[in-house]
Amino acid sequence: MTRSITVRGVTIGEGTPKICVPMVGRTLTEILEEANRLKTIDLDVVEWRADFFEHVDDREKVIDALYQIRTVLKETPLIFTFRSAKEGGEKEISPEYYLQLNKAIIETGQADIIDIELFSDESLVKSLVEWAHANNIFVIISNHDFEKTPSKEEIIARLKKAQELGGDLPKIAVMPQSQADVLTLLDATNIMYTQYANRPIITISMGSRGVISRLAGGAFGSALTFGSAGRESAPGQIAVSELRRVLKLLKN
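Residues numbered from 1 in each chain as written. Predicted model: local features only at pLDDT ≥ 70, side-chain atom pairs only at ≥ 80, totals over all residues. Heavy atoms only, no water.

As named in an unreviewed UniProt entry, the chain is 3-dehydroquinate dehydratase, taken from Neobacillus mesonae. The annotation that UniProt attaches to the chain under Subunit (unreviewed entry) is "Homodimer." Its UniProt record gives the chain the following Catalytic activity (unreviewed entry) comment, quoted word for word: "3-dehydroquinate = 3-dehydroshikimate + H2O". (UniProt positions renumbered as here; feature names shortened; annotations may be inferred.)

Right, let's get into the sheet that holds strand 7 (residues 138-145). Read from one edge to the other, the open sheet built from 9 strands follows the order 9-8-7-6-5-4-3-10-11, with strand pairing classed as parallel. In the strand order of this sheet, the two ends are held by strand 9 (202-205) and strand 11 (238-239), each with one partner. Alignment of strand 10 (residues 224-228) against strand 11, held across 2 bridges, turns out to be parallel. For G227, the partnering residue across the bridge sits in strand 11 and is I238. In the packing of helix 1 (residues 28-38) onto the sheet, contacts are made with strand 3 (18-23) and strand 4 (45-49), and the angle to strand 3 comes to roughly 155°. Packing of helix 3 (residues 95-108) onto the sheet brings it into contact with strand 5 (78-81) and strand 6 (113-117), and relative to strand 6 it is tilted by some 165°. (Pairing = 2+ DSSP bridges. Helix = DSSP H or I, 4+ residues; strand = E, 2+ residues; numbered from the N terminus. Contact = heavy atoms within 4.5 Å. Axes fitted to C-alpha atoms, helices over the stretch in contact; angles between N-to-C directions.)

This part takes up the UniProt feature "active site" (unreviewed entry) in the chain. Within this numbering scheme, the UniProt entry marks H144 and K171 as carrying the feature "active site" (unreviewed entry). The greatest C-alpha distance among the annotated residues, which extend across 28 residues, is 8.5 Å, indicating that they converge on a single site. As for its position among the elements, H144 is in strand 7. If we ignore the near neighbours within four places in the chain, the residues touching H144 are R83, E87, K171 and A173. According to the relative accessible area criterion, K171 is buried, its value standing at 7%. (Buried < 20%, exposed > 50% of the residue type's maximum accessible area, 1.4 Å probe, protein only.)

Structural data, given as structure tokens:
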């Protein structure tokens, strides 16, 4: 049973959790400036949060921007994400455009991983997973709750569902209202990892209370953590340099 995936030489699910940094520029100029800056930072993966892009509703402009990002980042693993407003993103689009946009991105071959939201229509999720895999693209199936932390059983159920739908990287991010909520997330991560997962998983407890999950999540089974190199894409992200330092300390 494999618990890892390898993307452009980066193996997610083995060793220290890998560090992903999101790009959240609104203009193409800002995005390319971010990409050039990220080339100088000790990260493993870059995520383009396309919902921040001012022209995200123009598919051709999104595709053109993606090609330019890839030209800058070259061999860095790249995640393409449109995060819907209902899950904490910057914009809402129709399910039809969500499907068309992600299929178009898959077809370019310029992104290595796409992020699909678990609570999208199930037929849409299955269609995109199938299309991505047919084009040798990995899939994160994600769920974000910016209001609360669901029960341990519900967190596990959502991760299992993402796995059953074919996600290569099931992901959940939740908001703690107490330190006990952080423990709930970490316990659920450990149970999912040790009892059910047959692939890497990503779990995050957001905000200041949940910072420990970004630092020590790997000890419980989370394979990827998100850091910032300027502007955060979610509350609680830590500067990459600090994140790398702590991950090395925990490894030792």
